[in-house]
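Architecture and fold: a report
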Amino acid sequence: MEFYQRDRTLQPAGYTPIYKTSVARSPRQAMLSLQGSLSESTGPVFGQNELGPLDNDLIRNYAKDGDPIGERIIVHGRVLDENNRPVPHTLVEFWQANAGGRYRHKKDTYLAPIDPNFGGCGRALTDENGYYFFRTIKPGPYPWRNYVNSWRPAHIHFSVFGSGFAQRLITQMYFEGDPLIKECPIVHVIPDEDAINRLIAPIDLNGSIPLDTIAYKFDIVLRGRRSTLFENRLEGN
Amino acid sequence: MVQSLDYLKETASQTAGPYVHIGLIPKQAGFDIFENNFTNIMADENTRGERIVIEGRVVDGTGTPLRDALLEIWQANSDGRYNHELDRQRKGEVDADFRGWGRTGIDFDTAIYRFETIKPGVVGGRNGRDMAPHINFWIVARGINIGLNTRMYFDDEQDANAVDPVLNLIEQTERRKTLIATRDDSGPMPVYRFDIVLQGENETVFFDV
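Because the structure is a prediction, the values reported are computed rather than measured.

**Let's talk about the overall build of chain A**
Secondary structure assignment for chain A yields three helices and 12 strands. Relative to a compact globule of 237 residues, whose C-alpha radius of gyration would be 18 Å, chain A shows 19 Å and is just as compact. Across the 237 residues of chain A, 57% fall into the buried class. Nonlocal contacts in chain A, meaning residues at least 24 apart in sequence, comprise 72% of its contacts between residues at least 6 apart. Carbon and sulfur atoms make up 54% of the accessible area of chain A, which totals about 10,400 Å². Once the 27 positive and 27 negative side-chain charges of chain A are each reduced to a mean point, those two points are 7 Å apart.

What follows is the structure, encoded as structure tokens:
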């Protein structure tokens, strides 16, 4: 059960000079197209027993003497495939800067302060309907060296597995209304405007907890599996 | 007008960025948060098969080794079986003590990545053609817009490599060597050295899988 061919017109190329770091880190030779084998159609399976009870609560999972500073938000949505079917029981991981735009990372030297109560990472397994959710604080934008005055829009990084290694995906979620999105070179390595818009999570008042936490909804779509009509013989024995 | 196809579109990839460690291997970012961490140690004392180490560097187009990349590998067990329900090969057995997946960051100081695992067996490929023992790699980093897929093969599997259907797809035979790791038996465990060159001379063959 191999996957549909990846639509490269919706995906960033490797070599994208507006994002300068990509210049020396992108292959120059064409990628070799492979038809799927077991090596691509299978992938690691994770269990709920591998996660801790606070792993999807970034407000509490690193709190030392109180809650972290920032806007309390819920991010929730579904992991689907191109066939519009849920991807159940798959691992979703997320990481982000704190409300001031600073990462808890030994290599981040931005002058905004570390928040002593915020780690900035979490993870969840989707349920049988492909649904996931987590609670966090809204990350801040921050400067980075691309041009001297480049600023990342507020974003949350996502890592998703799916059920086969060829579905493996890392992306970033942006927030509705952020004026920095249209300026960001990393956003604009994506060659398709609709594909960019699909990375922008809308505010979801219905998903919010009144007087407590506002919600953003973010669905993720992984590659779909081909159905097995008149299947070629795929695997040896 | 015709009917519309109701497929969804795959979400666009974005770079993992320089701080990928926070989310995926927080200890390397410099803090401890999860009770259970995913690591580069893939085999325990019960796992069947030959214990091996895989080590190497990831080098950019200027010849500079990356220090901020993250690598994941996915492989079959020593019988050539993947620990996954879609592997219905009629041979060997799934090993309950081997998931077959590992994750690591490149060491900030040495610029070396390392996995401890077992050597995989032959896996059945398309149309009944066996694939030589191999390990599937996925590399992400700052400056890499979409994860790079490649495979590592073993230099002590010359006969199997010679008929491997994927290696044989590589038209420029010289480039096949970029996927073959070199075994070193001088230490306590066999080490396979596998450097990945992102660009330029000896550029690794990457796959659109």
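**What about the packing of aromatic side chains?**
Counting across every chain of the model gives 24 aromatic pairs over all chains. Here the aromatic rings of Tyr-4 of chain A and Tyr-7 of chain B are separated by 5.6 Å at their centres, their planes lie at 70°, and the arrangement is edge-to-face. One end of the pair, Tyr-4 of chain A, is in the segment before α1 (22-25); the other, Tyr-7 of chain B, is in the segment before α1 (20-24), on a second chain. Look at Tyr-7 of chain B and you get partly exposed, because its relative accessible area is 47%. Taken together, Phe-94, Tyr-132, Phe-134, Phe-158 and Phe-218 of chain A form an aromatic cluster joined through their ring pairs. The lysine or arginine in question, Arg-168 of chain A, covers the ring of Phe-161 of chain A, its NZ or CZ lying 3.7 Å from the ring centre.

**Quick notes on the pattern of salt bridges**
Residue and element names in this part refer to chain B. Under the definition given, this model contains 31 salt bridges over all chains. Between Glu-50 and Arg-183 there is a salt bridge, with the nearest N and O atoms lying 2.7 Å from each other. Here Glu-50, found in the loop between α2 (26-29) and β1 (51-56), pairs with Arg-183, found in strand β10 (residues 180-184); they are 133 residues apart in sequence, far enough to count as distant. Linking Lys-119 and Asp-156 is a salt bridge whose minimum nitrogen-to-oxygen distance equals 3.2 Å. In this pair, Lys-119 is assigned in the loop between β5 (113-118) and β6 (123-124) and Asp-156 in the loop between β9 (148-154) and α3 (158-162), connecting sequence segments 37 residues apart. Residue Lys-119 is classed as buried on the basis of its relative accessible area, which comes to 11%. Relative accessible area serves as the criterion here: at 34%, Asp-156 is assigned to the partly exposed category. Residues joined in a network through salt bridges with shared partners are Glu-50, Lys-119, Asp-156, Glu-157, Arg-183 and Asp-185.

**What to know about the UniProt feature "domain: Intradiol ring-cleavage dioxygenases" (unreviewed entry) in chain A**
Mapped onto this numbering, the UniProt entry gives "domain: Intradiol ring-cleavage dioxygenases" (unreviewed entry) at residues 42-224 of chain A. Helix makes up 3% of residues 42-224 of chain A and strand 30%, with an end-to-end C-alpha separation of 13 Å.

**What about the UniProt feature "domain: Intradiol ring-cleavage dioxygenases" (unreviewed entry) in chain B?**
Mapped onto the present numbering, the UniProt feature "domain: Intradiol ring-cleavage dioxygenases" (unreviewed entry) falls on residues 54-82 of chain B. With 0% helix and 38% strand, residues 54-82 of chain B has its two end C-alpha atoms placed 19 Å apart.

**A word on the environment of Ala-16 of chain B**
Tracing the backbone shows Ala-16 of chain B in the segment before α1. On the basis of relative accessibility, which here comes to 1%, the residue Ala-16 of chain B falls in the buried class. Apart from residues lying up to four places away in sequence, Ala-16 of chain B is in contact with Trp-95, His-157 and Ile-170 of chain A together with Val-140, Ala-141 and Ile-144 of chain B.

**Looking at the sheet that holds strand β4 (residues 121-125) of chain A**
Residues and elements named next belong to chain A. Taken together, five strands build an open sheet; the order of strands is β4-β3-β8-β9-β10 and the sheet is mixed. Two strands in the sheet have a free side with no partner beyond their single neighbour: β4 and β10 (200-201). With two bridges joining them, strand β9 (residues 169-175) and β10 adopt parallel strand pairing. Considered in β10, the bridge of Phe-175 is made with Ala-201.

The rules behind the values
- Sequence positions are assigned chain by chain, starting from 1 and proceeding in written order.
- Chain A is the first chain written and ligand 1 is the first ligand written, with later ones labelled in order.
- Given that this is a predicted model, residues contribute local features only at a pLDDT of at least 70 and side-chain atom pairs are listed and counted only at 80 or more, while totals for whole chains, interfaces and linings are drawn from all residues.
- Working from all heavy atoms in the structure, the side-chain values ignore hydrogens and water.
- Only DSSP runs of H or I reaching four residues or more are called helices, and only runs of E reaching two or more are called strands; each is numbered from the N terminus.
- Atoms counted for the radius of gyration: C-alpha only. Globule rule: 2.2 Å times the number of residues to the power 0.38.
- Per-residue accessibility, obtained with a 1.4 Å probe over protein chains only, is compared with the maximum for each type, and a residue is labelled buried under 20%, exposed over 50%, and partly exposed between these values.
- Pairs of residues are marked as contacts when any of their non-hydrogen atoms sit within 4.5 Å.
- Method for areas: the Shrake-Rupley scheme with a 1.4 Å probe, in which residue coverage is limited to the protein chains shown.
- When charges are tallied, Lys and Arg are placed among the positive residues and Asp and Glu among the negative ones, while His and the ends of the chain are skipped.
- In plain terms, the charge of a residue is placed at NZ if it is Lys, CZ if Arg, CG if Asp and CD if Glu.
- For this analysis, a ring pair means two rings from Phe, Tyr or Trp (six-membered ring only for Trp) whose centres lie within 6.5 Å, classed as stacked if their planes differ by under 30 degrees, edge-to-face if by over 60, and tilted for the remaining angles.
- We count a charge as sitting over a ring when the NZ of a lysine or the CZ of an arginine lies within 6 Å of the ring centre and within 35 degrees of the ring normal.
- Whenever a carboxyl oxygen of Asp or Glu lies within 4 Å of a side-chain nitrogen of Lys or Arg, that contact is scored as a salt bridge.
- UniProt positions are given in the numbering used here, feature names are shortened, and annotations may be inferred rather than shown by experiment.
- By the convention used here, strands pair only if DSSP detects at least 2 bridges between them.

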